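Read off the chains here:
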Amino acid sequence: MAKMEVKTSLLDNMIGVGDMVLLEPLDEDSFINNLKKRYDHNEVYTYIGSVVISINPYRSLPIYTPEKVEEYRNRNFYELSPHIFALSDEAYRSLRDQDKDQCILITGESGAGKTEASKLVMSYVAAVCGKGAEVNQVKEQLLQSNPVLEAFGNAKTVRNDNSSRFGKYMDIEFDFKGDPLGGVISNYLLEKSRVVKQPRGERNFHIFYQILSGASEDFLCKLKLERDFSRYNYLGLDSAKVNGVDDAANFRTVRNAMQIVGFMDHETQSVFEVVAAVLKLGNIEFKPESRVNGLDESKIKDKNELKEICELTGIDQSVLERAFSFRTVEAKQEKVSTTLNVAQAYYARDALAKNLYSRLFSWLVTRINESIKAQTKVRKKVMGVLDIYGFEIFEDNSFEQFIINYCNEKLQQIFIELTLKEEQEEYIREGIEWTHIEYFNNAIICDLIENNQTGILAMLDEECLRPGTVTDDTFLEKLNQVCATHQHFESRMSKCSRFLNDTTLPHSCFRIQHYAGKVMYQVEGFVDKNNDLLYRDLSQAMWKASHSLIKALFPEGNPAKINLKRPPTAGSQFKASVATLMKNLQTKNPNYIRCIKPNDKKAAHIFNDALVCHQIRYLGLLENVRVRRAGYAFRQMYEPCLERYKMLCKQTWPHWRGPARAGVEVLFNELEIPEEEFSFGRSKIFIRNPRTLFKLEDLRKQRLEDLATLIEKIYRGWKCRTRFLLMKKSQIVIASWYRRYAQQKKYQKIKSSAIIVQSYIRGWKARKLLRELKHQKRCNEAATIIAAYWHGTQARRELKRLKEEARRKHAVAVIWAYWLGLKVRREYRKFFRANAGRKIYEFTLQRLMQKYFLEMKNKMPSLSPIDKNWPARPYLFLDSTHKELKRIFHLWRCKKYRDQFTDQQKLIYEEKLEASELFKDKKALYPASVGQPFQGAYLEISKNPKYKKLKDAVDEKIIIAEVVNKINRANGKATSRIFLLTKNNVLLADQKSGNIKSEVPLGDVAKVSMSSQNDGFFAVHLKEGSGAAGKGDFLLSSDHLIEMATKLYRTTLSQTKQKLNIEISDEFLVQFRQDKVCVKFIQGSQKNGNIPTCKRKNNRLLEVAVP
Ligand SMILES: Nc1ncnc2c1ncn2[C@@H]1O[C@H](COP(=O)(O)OP(=O)(O)OP(=O)(O)O)[C@@H](O)[C@H]1O
Ligand SMILES: [Mg+2]
């Protein structure tokens, strides 16, 4: 696991010193070395008290992550390593919690990282301030205003690929909770000369390249532009592409940002149209033309470009063309028009392009302000972020550098004022005596520039307004007169002869000794740039445009509002805006970020000592440290001070119970720090010299080591003791367990031995007892045997005696009986011989009969007539009786059974009986028919309407109505026929129609033939010569053959009183008309199931196969 670094103070793990105030010794070399050391260790931020020095790392460092934001959030300024977030946090919290308006002043030279720093501050504040949909939108709009302004106001320069070419001050407004409400942006002096001309190796403003690279073909066509950079005179060609910059992607970012900020689509469109118009203006070229009156005149070379510009902007082409050719001057209600020569025409063209672009830029700022302005009227707290161009010293310094450096001079002044003021206020607040501090005050330089009477700017304005010929040289002359004696002004031509022989100072230049160094300004262009002249004809032409944005950009072009007063000069405008800015800043609590550029190569890891030294000088950083250290180098609240150093004194370590101040007093006394080295403020301790602080730090380090050793010692002791106690405890546990185990084993051994001894003893005792018991038993048995023998002897003796006695008694009785018998026989012999034998016989017989019948009564079988059981005969002499009795009983129970029948049942049984007599044991089909009840009318003729005709034709009672198969005599095939048997006739009718086919009176039926087998075939033979015999006999087959034959037999018998002959034979003859055919029944296969098949074999033989 990574070791967590816990920081409680800036002083922990410092690389060099984190706060330059603690630098010892304090000189330029140690200052630079300290910065270098820190830079080499990726520490790009260093403090001077509450000022942050930031060195551009020129590479992305992992120190701006959300985790870092959290780390610095709500921490004291000196708690963690120096960071821009610490300053942002301090400023934000002071604004939110103490209600103090803040300003963050970011200075440094071009490429030092000011713009990046301002963005870091804004993003930090955005990350830590309130959240919520509305607040987030405000934040987003504020943040997104940056890419828009950067696209239009930044350009690649030799010093910085994204150099801000304007000064920017942004007020972010917060409500009482610290949530952002909105913002206001002020812009300062856009470097508009860049629009028409760029130095070598530099580019025009980004937006031109972005449009050409990023816009779609369609959009470019609308703007009448071509993608090729080389088509445009205003685009410097030598560095149109910047390494690592994707113009096309940036264009998308800008459009997106414009949308977020709140630009309407038509506004965006108008903005790009103006940009396109500026670009195209550069392509208008002029050629000289001489007029008759000899005046120089110019003419536009190719009017195509002019035409397109006019189409884009909605300006009348002739109006614009005229504006490029003439200049109208109004004086005393008189208008004088003069022609422009080629140079003047070019000047006019460039002035128009510059003005158009710089006004567009100002309009953009105003438009953004409209979007981001706070919506409420409540009191707001304000945090201002100033990202202004830094001090600039070029080889050729012109009006712009002069203005910029003036601004920086003012900022330095306010810095000195505020720092000193704050220092002084702190001393007063803390009740420490204020001693005067020596420092350089640059007010004198500011005065040189801005003094209303004798200041350089005033001179320049005067020169510009003066009638007569005014040139840059006349201006310089004036300066030479007025400022000659000023100690910070240097000029070769001044009255002061100091510089007469200074060859480094050319004649056309003047030099100012700024607080940050000497700068030589070329006087050329000062007057012109200060005048910032745009011919009225051009502004009027612009005002006439139908393009609403362009019209709005040139309000002075409106003839109704014609103003003959000269517009304020650029210098005075700037002076005024700087004054407003200064006033604004003075009301706020300042926070400084001083940006330093480590090298000129825009490269990481290179630290150019000379370059840094130069910046340190002109930023006045050493001065800054000195001011800060003027009284006391270091100050700290009592609580954190005591907390940090309390281990250095016995009384305060580990806890100090009293107030912190008293604790610090005790501590400092104990450490014998000389009294002049520190002072006690109300809430802070002030340490005069960093040496004292470092001494304290060294002592603390030493003491921490001792404490660490002590802690380690105690910890080790505790650890060993704990281990020892644990081991001791473990030993006891182990010993107790072992003892328990040993005792257990011993006990088990003793126990088993005791059991063995015990068992032996018990065995021995038991055996002894057993022996005794056995002996006793034997004694008992012996006694018993002896007693038994004795009793036996006694008993036998007694028995013998009793037997003897009984024998005697029996003998007496027998003798007595014989005697009596003899007496009786002698007396009754005469009566007995006559009757006794017969009487005894009869009596015995009677008794036996009685017994037989009584037993029979209980053994009677069931009343079922088919029950064959009958009890066995008990006496032979009753054999015939027994049989007779069985017969009588059977007859009786049969009668009983019959008596239950109704007449109908009787009839059925009669029929069944008849069938039995006729077919039992004769026809194989018979047994199957026994269980089937005879129904007779299988076909319900009367109910079925189909057979109504048949029913009507037969008026007798129908005994059988059934469907039979009539066998065709020709082929043996069967045809369905209705078979009807009535009292007198047999009828065959068609099954479908019910038409009667044949009718045979019963008297004409000679016989019926059938086989003995299991089939339903039968032949009805007709009497020869009878009426029906003509057609021949019928060979039929029926499923109810037994029933039909029985009923036919019975009906015939009852009608004709003759028994119908039923022949059962497996071969019989049938008379078919003239022929006699033999019907033969054979055993057939079962391939058709159980159905018999009939086949005609030949003329004389019909074969029926019965399965
Ligand atoms: N903190 C930083 N971390 C990484 N890179 C940085 C940082 N600050 C600046 N840079 C790099 O330096 C370049 C120049 O920085 P920046 O544009 O902020 O300079 P500047 O001071 O605003 O210059 P100018 O006065 O020309 O506008 C940036 O484009 C970026 O590449
Ligand atoms: Mg910048």
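Residues numbered from 1 in each chain as written. Chains lettered and ligands numbered in written order. Predicted model: local features only at pLDDT ≥ 70, side-chain atom pairs only at ≥ 80, totals over all residues. Heavy atoms only, no water.

K.L.:
Which parts of the structure should I look at to understand the state of the cysteines?
P.N.:
Every disulfide links exactly two cysteines, by a covalent bond between their sulfur atoms. In this structure the tally under the stated criterion is 0 disulfides. Cysteine Cys-464 shares no disulfide, and the gap to the nearest cysteine sulfur, in Cys-483, comes to 15 Å. Looking at Cys-483, the relative accessible area reads 3%, which means it is buried. (Disulfide = S-S within 2.5 Å. Buried < 20%, exposed > 50% of the residue type's maximum accessible area, 1.4 Å probe, protein only.)

K.L.:
When you look at unusual backbone geometry in this model, what are you seeing that I'm missing?
P.N.:
Negative phi is the rule for most residues except glycine; trans is the rule for most peptide bonds. Along the chain, Glu-24 connects to Pro-25 via a cis peptide bond; the corresponding omega equals -5 degrees. Turning to its location among the elements, Pro-25 is positioned in the segment before α1 (28-40). Here the bond from Trp-653 into Pro-654 is cis, since omega is 0 degrees, no more than 30 degrees from zero. Looking at where Pro-654 falls in the secondary structure, it is placed in the loop between α24 (638-645) and α25 (660-670). Despite not being glycine, Asp-99 has its phi angle at roughly 65 degrees, a positive value. Here Asp-99 shows up in the loop between α3 (84-98) and β3 (102-108). Despite not being glycine, Lys-224 has its phi angle at roughly 60 degrees, a positive value. (Helix = DSSP H or I, 4+ residues; strand = E, 2+ residues; numbered from the N terminus.)

K.L.:
Sorry if this is basic, but what is going on with the sheet that holds strand β31 (residues 1101-1106) here?
P.N.:
Working definition: the strands of a sheet are paired by backbone hydrogen bonds and lie parallel or antiparallel to each other. Spatially, 4 strands are ordered β28-β29-β31-β30 in an open sheet, and the strand pairing comes out mixed. Among the strands making up the open sheet, the edge pair consists of β28 (1067-1072) and β30 (1093-1098). Looking at each pair of strands side by side, their axes are set apart by 30 degrees on average, direction ignored. Two elements, β28 and strand β29 (residues 1075-1083), share 6 bridges in a ladder whose sense is antiparallel. If you follow Glu-1067 over to β29, its bridge partner there is Lys-1080. (Pairing = 2+ DSSP bridges. Axes fitted to C-alpha atoms, helices over the stretch in contact; angles between N-to-C directions.)

K.L.:
Would you take a moment to explain the coordination of the magnesium ion (ligand 2) for this structure?
P.N.:
Ideal coordination angles are 109.5 degrees for a metal with four donors arranged tetrahedrally and 90 or 180 degrees for a metal with six donors arranged octahedrally. With distances of 1.9 to 2.0 Å, the protein atoms coordinating the magnesium ion (ligand 2) are Thr-115 (OG1) and Ser-164 (OG). A residue pair is termed long-range when its members are at least 10 positions apart, and Thr-115 in helix α4 (residues 114-128) and Ser-164 in strand β5 (residues 163-164) qualify at 49 residues. The same class applies to Thr-115 as to Ser-164, namely buried. (Donors = N, O, S within 2.8 Å, 3.2 Å for Na, K, Ca; no water.)

K.L.:
Looking at this model, I keep getting lost on the side chain of Glu-173. Mind explaining?
P.N.:
Looking at the secondary structure, you find Glu-173 in strand β6 (residues 167-174). Among buried charged residues, Glu-173 stands out as having no salt bridge; its nearest opposite-charge side chain is Lys-380, 4.4 Å away. Sequence-distant contacts of Glu-173, that is, excluding residues within four places in its chain, are made with Asp-179, Pro-180, Leu-181, Gly-182, Gly-183, Val-184, Ala-374, Lys-380, Lys-381 and Val-382. (Lys, Arg positive; Asp, Glu negative; His and termini not counted. Salt bridge = Lys/Arg side-chain N within 4 Å of Asp/Glu carboxyl O. Contact = heavy atoms within 4.5 Å.)

K.L.:
Can you help me understand the pattern of salt bridges in this one?
P.N.:
Side-chain pairs of opposite charge can arise whenever the charged atoms involved come near each other. Across all of its chains, the model carries 66 salt bridges by this definition. Here Glu-217 and Arg-227 are joined by a salt bridge, their closest N and O atoms 3.3 Å apart. Within this pair, whereas Glu-217 is found in helix α8 (residues 217-222), its partner Arg-227 is found in the loop between α8 and α9 (247-261), the two being separated by 10 residues in sequence. Look at Glu-217 and you get exposed, because its relative accessible area is 55%. Relative accessible area serves as the criterion here: at 33%, Arg-227 is assigned to the partly exposed category. Residues Arg-887 and Glu-884 are paired through a salt bridge, measuring 2.9 Å at the closest nitrogen-oxygen approach. Of this pair, Arg-887 and Glu-884 are both found in helix α27 (residues 879-899), 3 residues apart, which corresponds to roughly one turn of the helix. Relative accessible area serves as the criterion here: at 45%, Arg-887 is assigned to the partly exposed category. Since its relative accessible area comes to 35%, Glu-884 is described here as partly exposed. A network of salt bridges, in which partner residues are shared, links Glu-226, Arg-231, Lys-280, Glu-305 and Glu-308.

K.L.:
Sorry if this is basic, but what is going on with a positive patch on the surface here?
P.N.:
On the surface, Arg-762, Lys-765, Arg-767, Lys-768 and Arg-771 cluster together to form a positively charged patch. The residue Arg-762 is located in helix α26 (residues 690-859) in this model. (Patch = residues over 30% accessible without salt bridge, like charges linked within 9 Å, V, L, I, M, F, W, Y side chains within 5 Å. Areas by Shrake-Rupley, 256 points an atom, 1.4 Å probe, with all protein chains shown as cover. Charge placed at Lys NZ, Arg CZ, Asp CG, Glu CD.)

K.L.:
Explain the layout of surface pockets to me, please; I cannot follow it from the model alone.
P.N.:
Empty space among the atoms becomes apparent when a probe as large as a water molecule is rolled across them. Of the volumes computed, that of the second largest pocket is approximately 1,600 Å³. As for the second largest pocket, its lining consists of 44 residues, and the residues nearest its centre are Phe-77, Tyr-78, Glu-90, Glu-426 and Lys-684. Where the lining of the second largest pocket is concerned, the elements lending two or more residues are α3, α14 (399-430), β16 (589-596), β17 (634-637) and α24. Partitioning the lining of the second largest pocket into residue classes produces 13 nonpolar, 12 polar and 19 charged. (1 Å grid on protein atoms, 1.4 Å probe; cavity = no way out; pocket = protein on both sides within 12 Å on 5 of 7 lines; lining within 4 Å. Points joined across faces, edges and corners; volume = space filled by probe spheres on them. Nonpolar A, V, L, I, M, F, W, Y, C, P; charged D, E, K, R; others polar.)

K.L.:
Sorry if this is basic, but what is going on with the confidence of the model for the protein chain here?
P.N.:
When pLDDT drops low, the exact placement of atoms in the prediction is not to be read closely. When the pLDDT values of the protein chain are averaged, the result is 88; 97% of them are 70 or greater. Within the model, the stretch residues 1-5 combines pLDDT values under 50 with 1 contact to residues more than four positions away or in other chains. (pLDDT = per-residue confidence, 0-100.)

K.L.:
Just to check I follow, could you spell out the side chain of Arg-367 for this structure?
P.N.:
Along the chain, Arg-367 turns up in helix α13 (residues 342-372). Overall, the relative accessible area of 8% leaves Arg-367 in the buried class. Setting aside residues up to four positions removed in sequence, Arg-367 forms contacts with Gly-262, Phe-263, Met-264 and Glu-267.

K.L.:
Which parts of the structure should I look at to understand the environment of Asn-1014?
P.N.:
Here Asn-1014 lies in the loop between β24 (1005-1010) and β25 (1017-1022). Placed 76 residues apart in sequence, Asn-1014 and Asn-1090 show a C-alpha to C-alpha distance of 9.4 Å. Here Asn-1014 is in contact with Ala-924, Leu-925 and Val-1106, once residues within four sequence places are set aside.

K.L.:
In this structure, what is going on with empty space enclosed by the protein? I would like to understand it.
P.N.:
The full count for this structure, using the stated rule, is 7 cavities of 30 Å³ or more. Considering the residues around the largest cavity, the lining is formed by Ile-48, Ser-50, Val-51, Phe-415, Leu-418, Thr-419, Glu-422, Pro-590, Tyr-592, Asn-624 and Arg-628. Looking at the lining of the largest cavity, the elements that each hand over two or more residues are α14, β16 and α23 (621-629). The element that contributes the greatest number of residues to the lining of the largest cavity is α14, accounting for 4 residues. Of the residues that constitute the lining of the largest cavity, the class distribution is 6 nonpolar, 3 polar and 2 charged.

K.L.:
Sorry, what's going on with the nonpolar core here?
P.N.:
The nonpolar side chains of soluble globular proteins are, as a tendency, buried together. Core analysis: the biggest nonpolar cluster contains 211 residues, and Phe-31, Phe-152 and Phe-510 have the highest contact counts within it. Here this core gets 14 residues from one element, more than from any other, and that element is α13. Counting 32 residues, the second largest nonpolar core, distinct from the first, contains Val-1008, Phe-1018, Ala-1028 and Ile-1042. (Core = buried A, V, L, I, M, F, W, Y, C linked by side-chain atoms within 4.5 Å.)

K.L.:
I would appreciate a short explanation of the pairing of strand β21 (residues 974-982) in the present structure.
P.N.:
Residues in a regular strand point their side chains to alternate faces of the sheet. Bridging between strand β20 (residues 958-967) and β21 involves 9 bridges; their strand directions are antiparallel. Bridging from a neighbouring strand, Ile-967 pairs with Ala-974 of β21. Hairpin connection of β20 to β21: 6 residues between the antiparallel strands, including Gly-972 at a positive phi of 80 degrees. With 5 bridges connecting them, β21 and strand β22 (residues 985-990) associate as antiparallel partners. Its bridge partner being in β22, Phe-979 is matched across the sheet by Leu-988. The loop that links β21 with its antiparallel partner β22 comprises 2 residues.

K.L.:
Just checking my understanding: could you explain a nonpolar patch on the surface for this structure?
P.N.:
Taken together, Trp-816, Trp-819, Leu-820 and Leu-822 make up a surface patch of nonpolar side chains, about 390 Å² in accessible area. Inspection of the secondary structure puts Leu-822 in helix α26. Residue classification places Leu-822 among the partly exposed residues on the basis of a relative accessible area of 33%.

K.L.:
Looking at this structure, how should I read the site of ligand 1?
P.N.:
Near ligand 1, the surroundings consist of 17 residues, among which Asn-56, Ser-110, Lys-114, Thr-115 and Ser-163 are the closest. Gly-113 is positioned such that a nitrogen or oxygen atom in its backbone is 2.9 Å from an oxygen atom of ligand 1. With respect to ligand 1, the side chain of Lys-114 contributes an N or O atom lying 2.6 Å from an oxygen atom. Notes on ligand 1: free accessible area 630 Å², of which the protein chains cover 85%. Residue assignment for the shell around ligand 1 shows that the elements contributing at least two residues are α4 and β5. When residues in the shell around ligand 1 are grouped by element, the largest group, 3 residues, is from α4. Grouping the constituent residues of the shell around ligand 1 by class yields 4 nonpolar, 9 polar and 4 charged. (Near = heavy atom within 4 Å. Polar contact = N/O pair within 3.5 Å; in protein donor to acceptor, adjacent residues only side chain to side chain.)

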